[in-house]
Amino acid sequence: MAPGAPTLLLLWLLWFPDFPARAAGCPAACRCYSVTVECGALRLRVVPPGIPPGTQTLFLQDNSIARLEPGVLAPLAALRRLYVHNNSLRALEPGAFRAQSRLLELALTGNRLRGLRVGAFAGLAQLRALYLAGNQLVQLLDFTFLHLPELHLQENSIELLEDQALAGLSSLALLDLSRNQLGTISREALQPLASLQVLRLTENPWRCDCALHWLGAWIKEGGQRLLSSRDRKIMCAEPPRLALQSLLDVSGSSLICIPPSVHVEPLEVTANLGDDLRVACQASGYPQPLVTWRKVAQPREGQPRAQVQPDRGAPRPGGPGASDTGSGMLFLTNITLAHAGKYECEASNAGGAARVPFQLLVNLSRQQQLQLAPSPPPHAGPASHEPLQEAGSMAFRALGLATQTAIAAAIALLALTALLLATMICRRRRKRKKAPGPPGEGALFVNDYSDGPCTFAQLEELRDERGHEMFVIDRSKPLFAEGPTEAADGAATGPGQGLPLQPPAAYEIHC
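So, how was this worked out
Residues numbered from 1 in each chain as written. Predicted model: local features only at pLDDT ≥ 70, side-chain atom pairs only at ≥ 80, totals over all residues. Heavy atoms only, no water. Helix = DSSP H or I, 4+ residues; strand = E, 2+ residues; numbered from the N terminus. Buried < 20%, exposed > 50% of the residue type's maximum accessible area, 1.4 Å probe, protein only. Contact = heavy atoms within 4.5 Å. Areas by Shrake-Rupley, 256 points an atom, 1.4 Å probe, with all protein chains shown as cover. Disulfide = S-S within 2.5 Å. Patch = residues over 30% accessible without salt bridge, like charges linked within 9 Å, V, L, I, M, F, W, Y side chains within 5 Å. Salt bridge = Lys/Arg side-chain N within 4 Å of Asp/Glu carboxyl O. Phe/Tyr/Trp six-rings, centres within 6.5 Å; stacked < 30°, edge-to-face > 60°. Lys NZ or Arg CZ within 6 Å of the ring centre and 35° of its normal. 1 Å grid on protein atoms, 1.4 Å probe; cavity = no way out; pocket = protein on both sides within 12 Å on 5 of 7 lines; lining within 4 Å. Points joined across faces, edges and corners; volume = space filled by probe spheres on them. Nonpolar A, V, L, I, M, F, W, Y, C, P; charged D, E, K, R; others polar. UniProt positions renumbered as here; feature names shortened; annotations may be inferred. Pairing = 2+ DSSP bridges. Core = buried A, V, L, I, M, F, W, Y, C linked by side-chain atoms within 4.5 Å.

Undergrad: I tried to follow the overall build of the protein chain on my own but got confused; where do I start?
TA: When you go through the protein chain residue by residue, the secondary structure sums to 7 helices and 25 strands. For the protein chain, buried positions account for 35% of its 511 residues. The long-range fraction of contacts in the protein chain, counting pairs at least 24 apart against all pairs at least 6 apart in sequence, stands at 53%. In the structure as shown, the protein chain presents an accessible area of about 29,600 Å², 56% of it carried by carbon and sulfur atoms.

Undergrad: In this structure, what is going on with the state of the cysteines? I would like to understand it.
TA: Throughout the structure, instances matching the rule amount to 5 disulfides. Each sulfur of the disulfide joining Cys-30 and Cys-39 lies 2.1 Å from the other. Its torsion about the S-S bond being 120°, the disulfide of Cys-30 and Cys-39 is classed as right-handed. Both residues of the pair, Cys-30 and Cys-39, belong to the buried class. The disulfide that involves Cys-210 links it to Cys-257, with 1.8 Å between the sulfurs. As the torsion about the S-S bond is roughly -105°, the Cys-210-Cys-257 disulfide counts as left-handed. Of this pair, Cys-210 sits in the loop between β12 (206-207) and α3 (213-221) while Cys-257 sits in the loop between β13 (236-238) and β14 (258-264), placing them 47 residues apart in sequence. On the basis of relative accessibility, which here comes to 18%, the residue Cys-257 falls in the buried class.

Undergrad: Could you clarify how one ought to interpret a nonpolar patch on the surface in this entry?
TA: Judged by side-chain polarity, Leu-413, Leu-416, Leu-419 and Leu-420 come together as a nonpolar surface patch covering roughly 410 Å² of accessible area. Position of Leu-419 among the secondary structure elements: in helix α6 (residues 401-434).

Undergrad: Sorry, what's going on with the packing of aromatic side chains here?
TA: Note on aromatic pairs: each is described by the distance of the centres and the angle between the planes. Scanning the model with the defined rule gives 6 aromatic pairs in all. On the basis of an interplanar angle of 55° and a centroid distance of 6.4 Å, the ring pair of Tyr-343 and Phe-358 is categorised as tilted. Residue Tyr-343 is located in strand β21 (residues 341-349), and its partner Phe-358 is located in strand β22 (residues 352-363); the two are separated by 15 residues in the primary sequence. Considered together, Tyr-343 and Phe-358 belong to a single accessibility category, that of buried residues. Site record: aromatic cluster; members linked through ring pairs are Phe-97, Phe-121 and Phe-145. Between Arg-278 and the ring centre of Phe-331, over which it is positioned, the NZ or CZ distance is 5.3 Å. The ring of Tyr-343 has Lys-295 sitting right over it, with the charged end atom 5.4 Å from the ring centre.

Undergrad: Got a minute to help me understand the pattern of salt bridges in this structure?
TA: Side chains carrying opposite charge are able to pair once their charged atoms draw close together. Tallied over the entire structure, the rule returns 11 salt bridges. A salt bridge links Arg-31 to Glu-38; the nearest nitrogen and oxygen atoms lie 2.9 Å apart. The exposure class assigned to Glu-38 is partly exposed, which follows from its relative accessible area of 22%. Here Glu-344 and Arg-294 are joined by a salt bridge, their closest N and O atoms 2.7 Å apart. Here Arg-294 lies in strand β17 (residues 290-295) and Glu-344 lies in strand β21, a separation of 50 residues in the sequence.

Undergrad: Would you mind going over empty space enclosed by the protein with me for this structure?
TA: A water-sized probe, rolled over the atoms, reveals where empty space remains. Following the criterion strictly, the structure yields 1 cavity of 30 Å³ or more and no others. The volume enclosed by the largest cavity comes to roughly 40 Å³. Contributing to the lining of the largest cavity are Phe-121, Leu-124, Leu-127, Leu-130, Phe-145, Leu-146 and Leu-148. Residues belonging to the lining of the largest cavity are distributed by class as follows: 7 nonpolar, no polar and no charged.

Undergrad: What should I look at first to understand the UniProt feature "transmembrane region" (unreviewed entry) in the protein chain in this one?
TA: According to UniProt, the "transmembrane region" (unreviewed entry) feature falls on residues 406-426. Its end C-alpha atoms 31 Å apart, residues 406-426 is made of 100% helix and 0% strand.

Undergrad: Help me out: how do you make sense of the sheet that holds strand β2 (residues 36-38) in this one?
TA: Sheet strands pair via backbone hydrogen bonds, and the direction of the pair is either parallel or antiparallel. Strand order in this open sheet of 9 strands is β1-β2-β3-β4-β5-β6-β8-β10-β11, and the pairing throughout is mixed. Strands at the two margins of the open sheet, each flanked by one partner only, are β1 (31-32) and β11 (198-200).

Undergrad: I keep staring at the pairing of β21 and nothing clicks. Help me out?
TA: Within a regular beta strand, the side chains point alternately toward one face of the sheet and then the other, so they alternate between its two faces. β21 sits mainly inside the fold: 7 of its 9 residues count as buried. Two elements, β17 and β21, share 6 bridges in a ladder whose sense is antiparallel. Its bridge partner lying in β21, Val-291 is registered against Ala-347. Looking at chain direction, β21 and β22 are connected through 9 bridges and run antiparallel. When the bridges of β22 are listed, Lys-342 appears paired with Gln-359.

Undergrad: When you look at unusual backbone geometry in this model, what are you seeing that I'm missing?
TA: Peptide bonds are, in most cases, trans, and in most cases residues other than glycine have a negative phi. Cis rather than trans, the peptide bond between Glu-265 and Pro-266 has omega equal to -5°. Topologically, Pro-266 is positioned in the loop between β14 and β15 (268-272). Here the residue pair Tyr-286 and Pro-287 is connected by a cis peptide bond, since its omega of 0° sits within 30 degrees of zero. With respect to the helices, strands and loops of the structure, Pro-287 is situated in the loop between β16 (277-286) and β17. Not every positive phi belongs to a glycine, and Ala-41 is a case in point at roughly 55°.

Undergrad: What's the story with the nonpolar core in this structure? I'm lost.
TA: A general tendency of soluble globular proteins is for nonpolar side chains to be buried together. Phe-121, Phe-145 and Leu-175 are the most contacted members of the largest nonpolar core, which totals 67 residues. Among the elements of the structure, α2 (187-190) and α3 are those that each provide at least two residues to this core. For this core, the element with the highest residue contribution is α3, accounting for 3 residues. Ignoring anything within four residues of it in the chain, the contact list for Leu-175 reads Leu-151, Leu-153, Leu-166, Leu-190, Leu-193, Leu-196, Val-198, Leu-199 and Arg-200. Listed in part, the 21 residues of the second largest apolar core include Val-264, Cys-281, Ala-283 and Ile-335.

In structure tokens, the structure reads:
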């Protein structure tokens, strides 16, 4: 070791205390210091496990990380700076940084982010700078960002900035929207930025019409202090007569809009039940109007809503049902009665709005009308004289022919079985009475009360302890005309041969 080397090493340690202190348990191939971990350019696809919980600065740049798994950053609550630029991130899950409440700087530049969900940056209460440049962002939704002094959004493909996309950024000092695809921006979008000091809007295809009149007036009145000499060159891309001119050099009377006009042909269509329907709504104006369809009457819950499908190109970021520029297509599939009614095509731009009504009728065939007709109430209309299974029995009528035939056959079979059983019981009873037996065996005892007509099964069961049958004879209901004096069942009267009947007649037997 050269003379003086220990002294130089000691001085190095005093000036750079983090350099040699490789923490125990450092992820493989990463370089760890006391509060800093470097894992850049290692071809990583995920955040490596084992990063010390006390890490305050984490470098993950120049890798192939496509997703931040939920909870992967949860142990790193002490992080102050996180650099994940130049990776392959396509989306950020809501709450991905919820545990990083102390984070000051977050770099996501050079990824493949196409959209930012609401809540993607929830929990970053102390964040000072957010770098999202060089991604593929197309639009910024309402309430995406909160509590930021610096927001870098340059070099994306942002076409739309919703009115409340920057709401909550009252402390924002720097906003960079340069090199995007912005054609216009509303006064409401920039209104929340009370602390803004630097604004960059250059290299966008600005559409210099009446909707951008406020921006030129605002810059001339006091907004110039936010723009550098380079940033003031807000160049018009359209209309063609103003192309390549600076917005600040164009007079307010040249910033015009043409209100939209709408055309729908035909204005009334009759469709069959189950058909598909496409109706075009053509709109013209400047700037190109946004076209939307809607049903005039508010549909009830569960009824289908009309959907707008773009007439050309891919759907806009709003997905199915989003507005289309220039032309809109009302597309209905499997038409039902709920689709019938009045619709309205609306076209709107900065110059105004225009609407055209459209009527959809649904045609039903005779068979479909019968299928959808409500069933009459059970007691409605005059009484019918048809058999029970045909008269007013909606349940029976609703059955198929084969089912009705099977039910009728089953009823007939039950009736035949009951008849055969009655015949067998009657024959057994006659044989028993003709057979000789002990004295009194054939006697018929009679009760003094009546509970109604007996079945043959009950006649077999109603016997006394000696086997005598117990009957009640209802003398008010003779079954046969008066004739010669006979006992019941045709037996001659006589002592011990049965109960004599006076006058001789047959009667209905009751239990």
